[in-house]
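Chain by chain, the residues:
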Amino acid sequence: MVAGETSGDLLASRLLSGLRSQLPDAHMHGIGGPHMAEYGFVSDFPMEKLSVRGLFEVLAHYREIKGIQNTLRDQLLVERPAVFVGVDAPDFNLGLEAQLKHAGIPTVHFIGPSIWAWRGGRIKKIQRSVSHMLVIFPFEEEIYRQAGVPATYVGHPLAQVIPMEPDQVTARNVLGLKQDNRVVAILPGSRMSELKYNATAFVGAAKLLLQRDPDLQFVAPMAGETRHRYFRELIAQAGLQDVPLLITDGQSHQALAAADAVLVASGTASLEVALFKKPMVIAYKMMRASWHVLKHMGYQPWIGLPNILAREFLVPELLQDAATPQALADAVWLQLEDQPHRAGLHERFVAMHHSLLRDTATESAQAVMQVITDSKAS
């Protein structure tokens, strides 16, 4: 298995929880993180090596990433595993899967690439690379089947992990936050490159929000010590180190449960916010050259998963130059203050949660086991 970032590690762990009971003695290895390790998964390379986003940012690390891919490919061609499972990270995994499938090793891809959002031409590569696709959104199954790629809708793993009604009081107690003062969670991204471009604007927005309500509390969960340290460095460089901010190691779900509103980078985290039924502002900044290329490649007007699933702008999206500290602060303030909007969002997010709820661990594990069985039979 290969997962390329923090969200993939969490998603893969749900699959592993279902697989491990059926394959108690199997050697499960590749690239993954701490959640996968809980199920006996051994990571042959640090997952952080793949956690790079943006066209030009990836180019800067291309040689190292390609070297990891080639080394793992050669190892697996000798080992010939019963199945290879690529978890998200399509730019890395699809290329590896194509070579393994060509060599007769069955491949499963968990989380279909967003061909319905951008880069639809990848469907041809998917056809060459993937024996079976596991999809996490209801509308995706038919898209892949029409393209000749066997697919199974297994629900979104996070819909099982996150409670339908989060416990805000307990979460605030765990984090040491005051019950009576409003909380804003700040999630600028789990990748180092995301922190580089988002952190200063996000914390700058927090500083401006404090001018409107000095009693606001801010919590920023970081995915590991390296990101925690880098986040603090970025804040200090911007002269924002005096902004009162609770920075936690992990505990992102506690932070979201505790929050009244969330400022979040686009990605899986925005869906987590929706599953926690929290008003949010989605924002994203990246290297300017990458932005000029990517902004013309989308098929639809939304980039945030909650908006894509709703097919409308349920929550604001502020991208690149629009994501100034002032604009972010103004947008978050509306999410805090507009009570009818907050009530309406809660209702929509509850319906979204139900639509994504399946026994993902069991259903995804059954699909993988079927791929293994079919491969042995052939």
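Residues numbered from 1 in each chain as written. Predicted model: local features only at pLDDT ≥ 70, side-chain atom pairs only at ≥ 80, totals over all residues. Heavy atoms only, no water.

Asks: Is there a simple way to think about helix 1 (residues 6-22) in this case?
Replies: Because each turn of an α-helix spans 3.6 residues, side chains separated by three or four positions end up pointing in the same direction. Taking 1.5 Å of rise per residue, the 17 residues of helix 1 would be expected to cover 24 Å, and the 25 Å separating its terminal C-alpha atoms lies within 8% of that figure. Where helix 1 bends most, at Leu16, the angle is about 25°. The buried fraction of helix 1 is high, at twelve of 17 residues. If you check which residues of helix 1 are buried, you get Ser7, Gly8, Asp9, Leu10, Leu11, Ala12, Ser13, Leu15, Leu16, Gly18, Leu19 and Arg20. (Helix = DSSP H or I, 4+ residues; strand = E, 2+ residues; numbered from the N terminus. Expected span 1.5 Å × (residues − 1). Bend = angle between axes of the 7 residues up to and from the residue. Buried < 20%, exposed > 50% of the residue type's maximum accessible area, 1.4 Å probe, protein only.)

Asks: Hey, could you run me through the sheet that holds strand 8 (residues 183-187) in this one?
Replies: Read across the open sheet, the six strands follow the order 10-9-8-11-12-13; overall the sheet is parallel. Two strands in the sheet have a free side with no partner beyond their single neighbour: strand 10 (246-249) and strand 13 (317-319). With direction set aside, neighbouring strand axes in the sheet form an average angle of 20°. Pairing of strand 8 with strand 11 (residues 261-265), which is carried by four bridges, proceeds in the parallel orientation. (Pairing = 2+ DSSP bridges. Axes fitted to C-alpha atoms, helices over the stretch in contact; angles between N-to-C directions.)

Asks: What is the right way to look at the nonpolar core in this model?
Replies: Considering soluble globular proteins, one finds that nonpolar side chains tend to be buried as a cluster. Formed by 69 residues in total, the largest nonpolar core has its most connected members in Met1, Val85, Phe110, Val262, Met280 and Val368. With near-sequence residues (within four places) excluded, Val368 lies in contact with Leu15, Leu19, Val83, Val85, Val108 and Leu134. Within the second largest apolar cluster, 34 residues are counted, among which are Phe202, Ala205, Leu209 and Leu328. (Core = buried A, V, L, I, M, F, W, Y, C linked by side-chain atoms within 4.5 Å. Contact = heavy atoms within 4.5 Å.)

Asks: So what exactly am I meant to see when it comes to the pairing of strand 5 (residues 107-110) here?
Replies: In summary, the side chains of a regular strand alternate between the two faces of the sheet. The two faces of strand 5 match: Thr107 and His109 on one face and Val108 and Phe110 on the other face are all buried. In this sheet, strand 5 lies alongside strand 4 (residues 84-87) in parallel orientation, the contact comprising four bridges. Residue pairing for strand 5: Val85 is matched across the bridge by Val108. As for the winding sense of the linkage, the β-α-β connection from strand 4 through helix 5 (residues 90-102) to strand 5 is right-handed. In this sheet, strand 6 (residues 132-135) lies alongside strand 5 in parallel orientation, the contact comprising three bridges. Bridging across to strand 6, Val108 finds its partner in His132. (Right-handed = clockwise from strand over helix to strand, strands pointing away.)

Asks: Whenever I open this one, the pattern of salt bridges confuses me. Can you help?
Replies: Where charged atoms from two side chains of opposite charge approach closely, those side chains can pair. Applying the stated rule across the entire model yields eleven salt bridges. In this structure, Glu141 and Arg145 form a salt bridge, with 3.3 Å as the shortest nitrogen-oxygen distance. Here Glu141 and its partner Arg145 are both found in helix 7 (residues 140-146), four residues apart, which amounts to about one turn of the helix. Classification of Arg145 as partly exposed rests on a relative accessible area of 47%. Ionic pairing is found between Asp260 and Arg172, a salt bridge with its closest N-O pair at 2.6 Å. With Asp260 in the loop between helix 12 (252-258) and strand 11 and Arg172 in helix 9 (residues 168-175), this pair connects stretches of sequence that are 88 residues apart. (Salt bridge = Lys/Arg side-chain N within 4 Å of Asp/Glu carboxyl O.)

Asks: Explanation requested: the packing of aromatic side chains in the structure shown.
Replies: One pair of aromatic rings is described through two measures. These are the centre distance and the angle between the planes. Enumeration according to the criterion identifies one aromatic pair in this entry. Geometrically, the ring pair formed by Phe137 and Phe139 is stacked, given 6.2 Å between the ring centres and 5° between the ring planes. In this structure Phe137 comes out as buried when scored by relative accessible area, which is 5%. Classification of Phe139 by relative accessible area gives partly exposed; the value is 34%. (Phe/Tyr/Trp six-rings, centres within 6.5 Å; stacked < 30°, edge-to-face > 60°.)

Asks: Whenever I open this one, helix 18 (residues 360-377) confuses me. Can you help?
Replies: Between its terminal C-alpha atoms helix 18 stretches 26 Å, which fits the 26 Å expected from 18 residues at 1.5 Å a residue. Among the residues making up helix 18, those that are buried are Thr360, Ala361, Ser364, Ala365, Ala367, Val368, Met369, Val371 and Ile372. Looking at the buried side of helix 18, the elements it contacts are helix 1, strand 4, strand 5, strand 6, strand 7 (151-153) and helix 8 (157-161).

Asks: Explanation requested: the side chain of Thr248 in the structure shown.
Replies: Along the polypeptide, Thr248 turns up in strand 10. With a relative accessible area of 5%, Thr248 lands in the buried category. A distance of 2.8 Å separates a polar atom in the side chain of Thr248 from the backbone oxygen of Gly250. With near-sequence residues (within four places) excluded, Thr248 lies in contact with Leu175, Val219, Ala220, Pro221, Met222 and His228. (Polar contact = N/O pair within 3.5 Å; in protein donor to acceptor, adjacent residues only side chain to side chain.)

Asks: Would you mind showing me how to read the packing of helix 10 (residues 192-212) against helix 11 (residues 225-237) here?
Replies: For any two helices packed against each other, one specifies the crossing angle of their axes together with the interaxial distance. Two elements in contact, helix 10 and helix 11, have axes whose closest approach is 9 Å; the angle formed by their N-to-C orientations is 45°. With respect to their mutual orientation, helix 10 and helix 11 come out oblique. For the pair helix 10 and helix 11, the sense of crossing is right-handed. On helix 11, the residues touching Met192, Leu195, Lys196, Ala199, Thr200 and Val203 of helix 10 are Thr226, Arg227, Tyr230, Phe231, Leu234 and Ile235. Class assignment for the residues of the contact of helix 10 with helix 11 results in eight nonpolar, two polar and two charged. (Parallel < 35°, antiparallel > 145°, perpendicular 65-115°, else oblique. Left-handed = near helix turned anticlockwise from the far one by under 90°. Nonpolar A, V, L, I, M, F, W, Y, C, P; charged D, E, K, R; others polar.)

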